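Chains, contacts and geometry: an overview
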Amino acid sequence: MGTVSKALSLLTNFNQSRTEIGLSEIARLAGVNKATAYRLLSELQVGGFVEQTGADKTWRLGPEILRLARVREAAVPITTASRAILDRLAAETHETAHVSVLRGTELNALAHAYSTRHATRVMMEDAERLSLHGTGSGLAVLAFSPDEFVEAVLALPLKKHTPDTVTDPAALRALLGPIRETGIAESVGGFEADVHSHAAPVFDTNGLAIGALAVAAPVSRVTADRAPVIKHAVLTGAMELTRAIGGVVPESFPQAVAA
């Protein structure tokens, strides 16, 4: 890993529950010594990617991140385009709707919407990392990704998030076939116990899967009569979001569903 990659990789340690990190902790999280961590952070600080704050001199993300996020949103307005779709999806399904985008070999949760129908619901965190093998969203992306990317992901150590997480590469490959036929992926307890998620991929201008739209619900509420409603809403929403960002549905996607 080059110096630039090492420096930028430090940024991945920040999330909503860890918005400020001390030097010792970020060195530990990154697997480097404190001197190296400080040198890399100092380089990032010059570019405005991080800044120091408070008497304890902890580090947090800098204003350049916000500028780049706005530039990215101008090019691929997935956050803006997804807001109304997520609200409608949550209202139609009475469950939690969320959208995530691909980053490397995992997904980053981007935005979500809650239904007001139930007091008990699946909770989401923006910027949360979602595994490709353990979530409905991840499986939806894998099913419509190039074979070499799928194999690269399956060759990685696959974390067992719950007792129901599928980590066997052969078993995961077998799951992708039906997803390619229907356009929708399901995961029952794969990432979080007692959560049943349905997801469909979102495509970019080149027809590549760049993320997924999903609905997550407590397992007990995904009944025989509710499941078809959720599936239809998710598929419709994913196709709408794809078109809203100027994306193209590839020929490998079930065309009857895409229409």
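For the structure, see preceding data.
Residues numbered from 1 in each chain as written. Predicted model: local features only at pLDDT ≥ 70, side-chain atom pairs only at ≥ 80, totals over all residues. Heavy atoms only, no water.

Turning our eyes to something else, we now look at the overall build of the chain. Within the chain, the secondary structure is distributed over 10 helices and eight strands. Taken over C-alpha atoms, the radius of gyration comes to 19 Å for the chain, in line with the 18 Å a tight globule of 259 residues would show. Considered along the principal axes of its C-alpha atoms, the chain spans approximately 55 × 40 × 35 Å. Within the chain, buried positions represent 46% of all 259 residues. Accessible surface for the chain amounts to roughly 12,800 Å². Of this, 55% is attributable to carbon and sulfur atoms. Here the chain carries 24 positive and 27 negative side-chain charges, and the mean point of each set is 5 Å from the other. (Helix = DSSP H or I, 4+ residues; strand = E, 2+ residues; numbered from the N terminus. Rg over C-alpha atoms; globule rule 2.2 N^0.38 Å. Buried < 20%, exposed > 50% of the residue type's maximum accessible area, 1.4 Å probe, protein only. Areas by Shrake-Rupley, 256 points an atom, 1.4 Å probe, with all protein chains shown as cover. Lys, Arg positive; Asp, Glu negative; His and termini not counted. Charge placed at Lys NZ, Arg CZ, Asp CG, Glu CD.)

Moving on, we get to the nonpolar core. By size, the foremost hydrophobic cluster in this structure holds 52 residues, and its most contacted members are Leu213, Leu241 and Ile245. Ranked by size, the runner-up nonpolar core spans 13 residues in total, among them Phe14, Ile26, Leu40 and Leu44. (Core = buried A, V, L, I, M, F, W, Y, C linked by side-chain atoms within 4.5 Å.)

Turning to the environment of Gly183, a few remarks are in order. Within the secondary structure layout, Gly183 lies in the loop between helix H8 (169-182) and strand E6 (185-188). On the accessibility criterion, Gly183 (0% relative accessible area) is buried. Among residues more than four places away in sequence, those in contact with Gly183 are Phe144, Ala199, Ala200, Pro201, Leu235, Phe253 and Pro254. (Contact = heavy atoms within 4.5 Å.)

The antiparallel open sheet is built from six strands, whose spatial order is E5-E4-E3-E8-E7-E6. Every other strand in the sheet has two partners, leaving strand E5 (129-131) and E6 as the edge strands with one partner each. In this sheet, adjacent strand axes meet at a mean angle of 35° when their direction is disregarded. One ladder, built from seven bridges, connects strand E3 (residues 96-103) with strand E4 (residues 106-113); its direction is antiparallel. (Pairing = 2+ DSSP bridges. Axes fitted to C-alpha atoms, helices over the stretch in contact; angles between N-to-C directions.)

Another point: the side chain of Ser100. In this structure, Ser100 sits in strand E3. Looking at Ser100, the relative accessible area reads 0%, which means it is buried. The residues touching Ser100, leaving out its near neighbours within four places in the chain, are Leu107, Asn108, Ala109, Leu110, Leu130, Ser137, Ile210, Gly211 and Ala212.

Attention shifts here to the pairing of E4. It is a general feature of regular strands that their side chains alternate between the two faces of the sheet. Here E3 folds back onto E4, and the loop between the two strands holds two residues, one of which, Gly104, carries a positive phi near 65°. In this sheet, E5 lies alongside E4 in antiparallel orientation, the contact comprising three bridges. If you follow Glu106 over to E5, its bridge partner there is Ser131.

Turning to the packing of aromatic side chains, a few remarks are in order. Aromatic rings considered in pairs are described by the distance between their centres and by the relative angle of their planes. As enumerated under the stated definition, the model contains four aromatic pairs in all. Linked through ring pairs, Phe144, Phe203 and Phe253 together constitute an aromatic cluster. (Phe/Tyr/Trp six-rings, centres within 6.5 Å; stacked < 30°, edge-to-face > 60°.)

This part covers the layout of surface pockets. Size it by volume and the largest pocket reaches roughly 1,500 Å³. As for the largest pocket, its lining consists of 36 residues, of which Ile65, Ala69, Asn108, Leu110 and Ala127 are closest to the centre. The greatest single-element share of the lining of the largest pocket, amounting to six residues, is contributed by helix H4 (residues 63-75). Split into classes, the residues belonging to the lining of the largest pocket amount to 17 nonpolar, nine polar and 10 charged. (1 Å grid on protein atoms, 1.4 Å probe; cavity = no way out; pocket = protein on both sides within 12 Å on 5 of 7 lines; lining within 4 Å. Points joined across faces, edges and corners; volume = space filled by probe spheres on them. Nonpolar A, V, L, I, M, F, W, Y, C, P; charged D, E, K, R; others polar.)

As a further point, take the pattern of salt bridges. Tallied over the entire structure, the rule returns 12 salt bridges. Arg39 is the salt-bridge partner of Glu43, the closest N and O atoms lying 3.8 Å from each other. Note that Glu43 and Arg39 are positioned in helix H3 (residues 34-46) at a spacing of four residues, about one turn of the helix. Under the relative-accessibility criterion, Glu43 is labelled partly exposed at 41%. When its relative accessible area of 42% is taken as the criterion, Arg39 is described as partly exposed. Lys231 is paired through a salt bridge with Glu186; the nearest N and O atoms lie 3.4 Å apart. One end of the pair, Lys231, is in helix H9 (residues 226-244); the other, Glu186, is in strand E6, with 45 residues separating them in the sequence. The network of salt bridges with shared partners includes Glu20, Glu51 and Arg60. (Salt bridge = Lys/Arg side-chain N within 4 Å of Asp/Glu carboxyl O.)

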